[in-house]
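Coordinates in review
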Amino acid sequence: MQIELPLAIAPMPVPVGTLRYIQLGSEIVGYRFRRARRRSIGIVIDDDGLRVAAPGHTPVAEVEVFLREKMHWILKKLSEWRAAPKPPVVNWSDGATIALLGSPVTIALVPGRRDIVLEKGRLGIGLAPRGDPAALRKRGIAWIKERARSLLGERLALYAANLGVPTPTLALSSARRQWGLCREDGRVRLNWRLIHLPLHLVDYVVAHELAHLREMNHSTRFWAVVGGLYPDYRKARSELRHCSHRLPIL
Ligand SMILES: [Zn+2]
């Protein structure tokens, strides 16, 4: 069993399923279709657009009848989804900004150096001669992940001590739909993108996953454990929901 802390809307969409099209009213709507072990057809509209799951035996024609029946709902939701704010895409160039621990940091390319230095809100990235932008981005992300690893490791150790458990083994995740994950064997995975968020939200996710070492569920007992570690968890939880969709795409 594993417990997930969902990301409201995740960066980096990687759609699952076969792409199909259907005409709904005057619109041609693309959707991702997959077969699933379920009793009825299910539809979801999220950051990937429209996704449809159907039981293994349902003919495609029946799926299409279902989609046409839900046409008004689907078209309304899709237009809301298109109008929703999209996460910013970071352009790895001089003057671009990213958020680290909730504060903006300006990227500055520094010719003639190889290292990456964060100082006073400025992220100086050494620019090798003829350095190509893809390599720059890759180095920048690697640096951010290393920062995330050390920060998350620190916070995990701190909250594990507060809970009175040994510090669990930390693995970084790049999951699309979750901030953290705690397995029954005690391993904890935390999303490196947490480093974009203010520290108090990072701490909430850490406390939440650690509390699963006591309660592998989301019961009242579980929330009591979270509250013992992180009293203001209700506020953090709703804040986390609201900032998820503003996570930049690096
Ligand atoms: Zn949980």
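Please refer to the structure placed before this passage.
Reading the values: rules and limits
- Residues numbered from 1 in each chain as written.
- Predicted model: local features only at pLDDT ≥ 70, side-chain atom pairs only at ≥ 80, totals over all residues.
- Heavy atoms only, no water.
- Donors = N, O, S within 2.8 Å, 3.2 Å for Na, K, Ca; no water.
- Buried < 20%, exposed > 50% of the residue type's maximum accessible area, 1.4 Å probe, protein only.
- Helix = DSSP H or I, 4+ residues; strand = E, 2+ residues; numbered from the N terminus.
- Contact = heavy atoms within 4.5 Å.
- Pairing = 2+ DSSP bridges.
- Axes fitted to C-alpha atoms, helices over the stretch in contact; angles between N-to-C directions.

**Observations regarding the coordination of the zinc ion**
Binding of the zinc ion to the protein goes through His208 (NE2), His212 (NE2) and His218 (NE2), at separations of 2.0 to 2.1 Å. On the basis of relative accessibility, which here comes to 1%, the residue histidine 212 falls in the buried class.

**Notes on helix H5 (residues 220-229)**
Side chains of residues three or four places apart in an α-helix project in the same direction, reflecting 3.6 residues per turn. When H5 is considered as a whole, its buried residues turn out to be Phe222, Trp223, Val225, Val226, Gly227 and Leu229. Along its buried surface, H5 packs onto helix H3 (133-163), helix H4 (199-211) and helix H6 (233-243).

**Brief notes about the sheet that holds strand E2 (residues 18-24)**
Pairing is mixed in the open sheet, where four strands are placed in the order E2-E3-E5-E4. Each edge of the open sheet carries a strand with a single partner, namely E2 and strand E4 (42-46). Averaged over all adjacent pairs, the angle separating strand axes in this sheet is 35 degrees, with direction ignored. Relative to strand E5 (residues 49-55), strand E3 (residues 27-36) runs parallel, the two being bridged by six bridges. Looking across to E5, one finds that phenylalanine 33 is bridged to valine 52.

**Concerning unusual backbone geometry**
The backbone phi angle of leucine 101 is positive, close to 50 degrees, even though this residue is not glycine. Tracing the backbone shows leucine 101 in the loop between strand E6 (97-100) and strand E7 (103-111). A residue is classified by how much of its surface remains accessible, and leucine 101, at 36% relative accessible area, is partly exposed. A positive phi angle, close to 45 degrees, is found at lysine 120, a residue other than glycine. Looking at lysine 120, the relative accessible area reads 84%, which means it is exposed.

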